[in-house]
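Geometric and topological summary
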Amino acid sequence: HPYLGVQLVPLTARIAREHNRDPNALVELPELSGALVQSVLPDSPAQEGGLRRGDLVVAVGETPIPDPQALLHQVDQAEIGAPLSLQINRNGQAMHLTVKPSALPGLG
């Protein structure tokens, strides 16, 4: 079972706009839909690939990622150790990262 080692929350443009209107918000969220990285597990494929808390995954390859379930589906279809191309938004900047899913620990 391939895994990346991230905790995700859904983000939509509507949720981001509401969050960004809050004068006490600690960060400004991109007004996009995708899978928002809430945390990255230490020594995980996600950490090794450069994913960070606050990154918004918007596509895997050419496949749009509207929510965390779509990202998890793409990871489930991936081969363990094969590069997975992620399009992310970090601090308003579009970026590409490559992550290599590994086997889920403890299922050996």
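Before any of the text, the structure's been laid out above.
We now turn to the structure provided with this report. (Residues numbered from 1 in each chain as written. Predicted model: local features only at pLDDT ≥ 70, side-chain atom pairs only at ≥ 80, totals over all residues. Heavy atoms only, no water.)

**Things to note about the nonpolar core**
Membership of the largest hydrophobic core comes to 18 residues, with the highest contact counts inside it found for Leu51, Val57, Ile65, Leu71 and Leu86. Every element with two or more residues in this core is listed here: strand 3 (34-40), strand 4 (56-60), helix 3 (68-77), strand 6 (84-90) and strand 7 (93-99). Filtering out sequence-adjacent residues up to four positions away, valine 57 remains in contact with Gly34, Ala35, Val37, Leu51, Ile65, Leu71, Leu86, Gln87 and Ile88. Leu11, Ala16, Leu36 and Leu56 belong to the second-largest nonpolar core, a separate cluster that totals five residues. (Core = buried A, V, L, I, M, F, W, Y, C linked by side-chain atoms within 4.5 Å. Buried < 20%, exposed > 50% of the residue type's maximum accessible area, 1.4 Å probe, protein only. Helix = DSSP H or I, 4+ residues; strand = E, 2+ residues; numbered from the N terminus. Contact = heavy atoms within 4.5 Å.)

**Looking at the pattern of salt bridges**
If you walk through the whole model with that rule in mind, you get three salt bridges. Ionic pairing is found between arginine 14 and glutamate 18, a salt bridge with its closest N-O pair at 3.1 Å. Within this pair, arginine 14 and its partner glutamate 18 are both found in helix 1 (residues 13-21), separated by four residues, close to a single helical turn. (Salt bridge = Lys/Arg side-chain N within 4 Å of Asp/Glu carboxyl O.)

**Some details on the pairing of strand 7**
Each regular strand shows side chains that alternate between the opposite faces of the sheet. Inspection of the sheet shows strand 6 paired to strand 7 by seven bridges, in the antiparallel sense. Looking at the pairing, asparagine 89 lines up with alanine 94 of strand 7. In sequence, strand 6 turns back onto strand 7 through a hairpin of two residues, with asparagine 91 there showing a positive phi of about 55°. (Pairing = 2+ DSSP bridges.)

**Section: helix 3**
Every buried residue of helix 3 is accounted for by Pro68, Ala70, Leu71 and Val75. The buried residues of helix 3 all sit within an arc of 160° when viewed along its axis, so they share a single face. Looking at helix 3, the residues exposed on the side facing more than 90 degrees away from the buried face are Gln69 and Gln77. Contacts from the buried residues of helix 3 go to strand 1 (2-3), strand 2 (6-11), strand 3, strand 4 and strand 6. At the N-terminal end of helix 3, a side-chain oxygen is found 3.2 Å from the backbone nitrogen of glutamine 69, two or three residues along, and the residue is aspartate 67. (Arc of directions from axis to C-beta. Polar contact = N/O pair within 3.5 Å; in protein donor to acceptor, adjacent residues only side chain to side chain.)

**As for the environment of glutamine 7**
Note on placement: glutamine 7 falls in strand 2. Classification of glutamine 7 by relative accessible area gives partly exposed; the value is 45%. Note: C-alpha distance between glutamine 7 and leucine 41 (34 residues apart in sequence) is 8.1 Å. The residues touching glutamine 7, leaving out its near neighbours within four places in the chain, are Leu36, Val37, Gln38 and Ser39. Within the local environment of glutamine 7, its side chain forms a polar contact with the side chain of serine 39, the two groups lying 2.6 Å apart.

Treat this as a map of the structure, not an account of what it does.
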